[in-house]
Each structure stands twice: as C-alpha cells, then as structure tokens.
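# Breakdown of the fold
Residues per chain, in single letters:
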Amino acid sequence: MKAATHDTFGEPVEVLATTEVDTPAPEAGEVLVRMTLSPIHNHDLWTVHGSYGYKPDLPGAIGGSEALGTVAEVGAGVDAALLGQRVAVAGVHGAWAEYFTAPAGGLLPLPEAISDADGAQLIAMPFSAISLLETLKAGEGDWIIQTAANGAVGKIMVALARARGIHLLNLVRRPEAAAELAALGAEHVLSTSDADWQERAAALVGDGAVSAIDSVGGDVSAALVDLLASDGELVVFGTATGAPMPLSSGALIMKQITARGFWGSRVSAELAPEDRKRLITELVTLAAQGALTLDTGGTYGLDQVTEAVTAARTPGRGGKILLRG
C-alpha cells in the first residue's frame with residue numbers, strides 16, 4: 001500500500017516521502033480501516049519533526065493520527081457488523097496510508113448528515129476544544145478570552161461557546177484574520193495589532209473574564225492576565241510564537257490567578273468513558289445540525305505529501321489540509 005513515511009526526524013517537507021509498505025493486519029480487538037481522508041494537524045508535523053510528546057519508531061514511521069474511512073477487516077473478538085461502516089477515529093498512528101489499524105472501541109460511526117471532510121477532522125481538534133471548554137471555570141453567561149481565534153481550535157471554540165451560552169472574546173494577530181473570522185459569524189473579534197485593543201477588550205469583558213486560553217505566548221499572555229477577573233484562570237493551550245510568557249507577579253498575586261497547561265492527549269486518556277461519550281455526542285449533534293463548521297483548505301493525494309505539508313505550513317491558509325487515501 002502507499003503511505004507517507006519518514007526514516008528520520010526533521011522538517012516534514014524534507015523527510016516525508018510516499019513509499020510502498022506492507023498493509024498491516026488487525027490484531028485482536030482491532031480493525032483495518034481503508035482511509036478516505038486524513039487531516040494534517042500541527043501535532044502530526046511536530047511528531048515528524050521529533051518535537052512532540054510521542055516519538056514513533058524509526059525508520060519507516062507512517063505519519064498521521066486521525067482519519068475517516070471504511071472498516072475493511074476486523075480482528076479477533078471484533079463484531080463483524082462493523083465491516084463496511086464509515087467511521088472516524090483519532091489518537092491512532094499511521095493514518096497517512098491507504099490502510100491503517102485502529103482499536104475497535106475507538107471508532108465513531110458517522111451519520112450521513114456529516115460529510116467526509118467534516119468527519120475526517122471531527123475528533124482530534126474538536127474533542128480537544130470541547131475537553132478544554134469542559135475543564136474551564138467559565139460557564140453560561142461568563143466571559144472567556146481566546147488567542148489564535150482564527151485557528152482550527154479557535155473556530156471550533158466559537159461554535160461550542162455559542163451553543164453553551166458562553167461569551168467569547170476572540171483575539172487574532174492580524175486585521176485580515178479579524179475580518180475573516182467576523183465574516184464566518186464570530187462576534188467580539190479584536191486584532192492585537194491595533195493600538196487600542198486592550199482598552200476595547202476591557203470594555204467588552206466588564207469586570208473581567210473568568211478564563212483565558214492562550215495559544216500564542218509572549219507579551220499577549222501578560223495582557224490576558226490583566227483582563228482576567230479575580231480568581232480567574234490562564235490556560236496555556238499552545239505557543240505559536242515560542243516566546244516566553246512575561247507574567248506580572250503582582251497581578252497573579254493580587255487577583256489570585258491560576259495559570260496551567262492543557263495537553264489534549266493526556267486529558268483525553270484520563271477522561272471517564274461516560275464523559276467521553278457525552279462530549280462526542282455533543283460534537284456529532286452540532287456537526288449534523290450544521291452548527292459546527294470545519295473548514296478544509298485543500299485535499300491532496302498520498303503521492304502529493306510534500307505539496308500537502310507545504311500547504312499545511314502556509315500562514316493564513318483557509319482551513320485544514322486533508323490527505324486522500
């Protein structure tokens with residue numbers, strides 16, 4: 001079968017290549033999935049680079065961690081009724097291939113109302129977003145501030161907060177990104193490149209936000225603390241700039257702010273089964289109703305992996321890049 005593989009860690013555009021490899025066989029409790037579409041996530045690229053929490057065995061590592069496809073074969077102990085079902089799955093290894101194996105218990109059968117493109121990216125980023133929202137102090141009627149609001153998780157958070165009645169202040173770094181997000185229906189969008197953005201943000205959140213989500217780092221992190229209410233929380237979800245966070249000890253002390261990180265993989269692994277089912281059900285319902293929009297920035301064949309990765313790394317792209325099986 002064809003697969004996007006790498007023999008060394010490094011820049012994905014340089015080390016990834018399309019190769020012919022053996023088709024895997026499902027073990028007990030697993031299924032073999034014929035891949036239809038698989039997204040290129042940032043964490044997939046970090047894995048190829050060797051800078052993520054998970055490091056695959058080399059050489060011959062196959063990229064990709066989420067996909068939509070059709071169950072082609074079942075392993076021992078798996079219900080044969082799954083054969084032929086269209087399913088989504090995340091948290092797997094080797095999804096950038098014509099076939100990959102996955103635990104049968106992790107499959108999400110999809111209703112016809114959800115398109116292939118939406119289904120292929122329905123779990124990883126949306127589930128990270130909804131899991132993050134679930135851990136926040138903020139509830140209905142409260143304010144949350146998020147940076148990188150024009151990113152995949154940011155756009156998903158817009159839909160989730162709206163569905164739960166939570167006020168959301170969306171911060172981006174460019175006026176063009178603010179206009180794009182507003183055109184998609186997001187409210188309360190500010191560009192941190194505007195000189196008066198902090199004053200306008202303070203006017204919106206009133207007595208302060210309950211929670212702030214930072215995916216950028218650098219000076220904006222300190223500004224978020226200033227916009228939080230007493231006993232508020234700053235949650236670090238990512239670091240687009242890689243810059244240190246110059247937080248004011250005075251503000252942290254006087255307002256008793258909590259600062260913590262959020263790693264979706266760990267939170268997902270520790271989530272109780274009943275909570276996972278409830279959150280997945282919420283996501284599927286929103287997607288089927290058209291209330292959760294998952295943008296696609298282009299689809300490429302497995303033999304175009306270099307072009308696909310280049311597109312995925314292009315700043316300002318309109319949506320998630322997908323690989324076609």
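Residues numbered from 1 in each chain as written. Predicted model: local features only at pLDDT ≥ 70, side-chain atom pairs only at ≥ 80, totals over all residues. Heavy atoms only, no water.

### What to know about the overall build of the protein chain
In terms of helices and strands, the protein chain carries 12 helices and 16 strands. Projected onto its principal axes, the C-alpha coordinates of the protein chain cover approximately 60 × 40 × 35 Å. Expressed as a percentage of its 325 residues, the buried residues of the protein chain come to 47%. The long-range share in the protein chain, meaning contacts at least 24 apart out of those at least 6 apart in sequence, stands at 68%. A total accessible area of about 14,400 Å² is found for the protein chain, and carbon and sulfur atoms account for 52% of it. (Helix = DSSP H or I, 4+ residues; strand = E, 2+ residues; numbered from the N terminus. Buried < 20%, exposed > 50% of the residue type's maximum accessible area, 1.4 Å probe, protein only. Contact = heavy atoms within 4.5 Å. Areas by Shrake-Rupley, 256 points an atom, 1.4 Å probe, with all protein chains shown as cover.)

### As for the sheet that holds strand 13 (residues 228–236)
Strand order in the open sheet made by the 6 strands is 11-10-9-12-13-14, with parallel pairing throughout. A single partner strand is all that each edge strand has here, and the edge strands are strand 11 (189–191) and strand 14 (258–261). Averaged over all neighbouring strand pairs, the angle between strand axes comes to 20°, with direction disregarded. With 3 bridges joining them, strand 9 (residues 143–146) and strand 12 (residues 209–214) adopt parallel strand pairing. Across the sheet, glutamine 146 pairs through a bridge with isoleucine 213, a residue of strand 12. Along the sheet face, helix 6 (residues 175–183) touches strand 10 (167–172) and strand 11 and points at about 170° away from the line of strand 11. (Pairing = 2+ DSSP bridges. Axes fitted to C-alpha atoms, helices over the stretch in contact; angles between N-to-C directions.)

### Remarks on helix 2 (residues 42–49)
Those residues of helix 2 not exposed but buried are His43, Asp44, Leu45, Thr47 and Val48. The inward-facing, buried residues of helix 2 contact strand 1 (2–6), helix 1 (12–15), strand 3 (30–39), helix 4 (124–135) and helix 12 (305–312). Count one or two residues on from helix 2 and you reach glycine 50, which has phi positive near 90°.

### Focus: the packing of aromatic side chains
For the coordinates displayed, the defined rule picks out 3 aromatic pairs. A ring pair is formed by tryptophan 46 and tyrosine 52, whose centres lie 6.2 Å apart and whose planes are at 35°; its orientation type is tilted. What makes tryptophan 46 partly exposed here is its relative accessible area of 45%. Taking relative accessible area as the criterion, tyrosine 52 reaches 19% and is therefore assigned buried. Over the aromatic face of tyrosine 99 sits the side chain of arginine 34, whose NZ or CZ is 5.2 Å from the ring centroid. (Phe/Tyr/Trp six-rings, centres within 6.5 Å; stacked < 30°, edge-to-face > 60°. Lys NZ or Arg CZ within 6 Å of the ring centre and 35° of its normal.)

### Observations regarding the nonpolar core
Most often, soluble globular proteins keep nonpolar side chains buried together rather than apart. By size, the foremost hydrophobic cluster in this structure holds 47 residues, and its most contacted members are Leu108, Leu122, Ile144, Leu160 and Leu292. Residue contacts for isoleucine 144: discarding those within four places in its chain leaves Leu133, Leu136, Ala138, Ile166, His167, Leu168, Leu169, Ser211 and Ile213. By size, the runner-up hydrophobic cluster in this structure holds 30 residues, among which are Val31, Leu45, Val78 and Ala308. (Core = buried A, V, L, I, M, F, W, Y, C linked by side-chain atoms within 4.5 Å.)

### Notes on helix 12
Listed in full, the buried residues belonging to helix 12 are Val305, Ala308, Val309, Ala311 and Ala312. What you see down the axis of helix 12 is that its buried residues fit within an arc of 160°, all on one side. Looking at the buried side of helix 12, the elements it contacts are strand 1, helix 1, strand 2 (17–20), helix 2, strand 15 (296–301) and strand 16 (320–324). (Arc of directions from axis to C-beta.)

### A few points about unusual backbone geometry
Between leucine 58 and the following residue, proline 59, the backbone shows a cis peptide bond with an omega angle of -5°. Position of proline 59 relative to the elements: it lies in the loop between helix 2 and strand 4 (61–62). The phi torsion at alanine 148 lies on the positive side, around 50°, for a residue other than glycine. By the element assignment, alanine 148 lies in the loop between strand 9 and helix 5 (152–164).

### What to know about the pairing of strand 6 (residues 86–90)
In the sheet, strand 5 (residues 66–74) pairs with strand 6 via 5 bridges, with the strands oriented antiparallel. Pairing of leucine 68 across the sheet is with alanine 88, part of strand 6. In terms of strand pairing, strand 6 meets strand 8 (residues 108–109) through 2 bridges, oriented antiparallel. Bridge pairing in strand 8 places valine 87 opposite proline 109.

### What about the packing of helix 5 against helix 11 (residues 273–288)?
Helix 11 packs onto helix 5 with a crossing angle of 100° between their chain directions and a minimal axis gap of 12 Å. Overall, the two elements helix 5 and helix 11 adopt an arrangement that is roughly perpendicular. When helix 5 is examined against helix 11, the residues Leu160, Ala163 and Arg164 are found in contact with a partner set consisting of Leu279, Glu282, Leu283 and Leu286. Split into classes, the residues belonging to the contact of helix 5 with helix 11 amount to 5 nonpolar, no polar and 2 charged. (Parallel < 35°, antiparallel > 145°, perpendicular 65-115°, else oblique. Nonpolar A, V, L, I, M, F, W, Y, C, P; charged D, E, K, R; others polar.)

### Some thoughts on the packing of helix 4 against helix 11
Running from N to C, helix 4 and helix 11 cross one another at 120°; their axes reach a closest spacing of 10 Å. On the basis of their axis angle, the class for helix 4 and helix 11 is oblique. Crossing of helix 4 over helix 11 shows right-handed handedness. Contacts from Pro126, Phe127, Ile130, Ser131 and Glu134 in helix 4 reach Arg276, Arg278, Leu279, Ile280, Glu282 and Leu283 in helix 11. For the contact of helix 4 with helix 11, the class distribution of residues is 6 nonpolar, 1 polar and 4 charged. (Left-handed = near helix turned anticlockwise from the far one by under 90°.)

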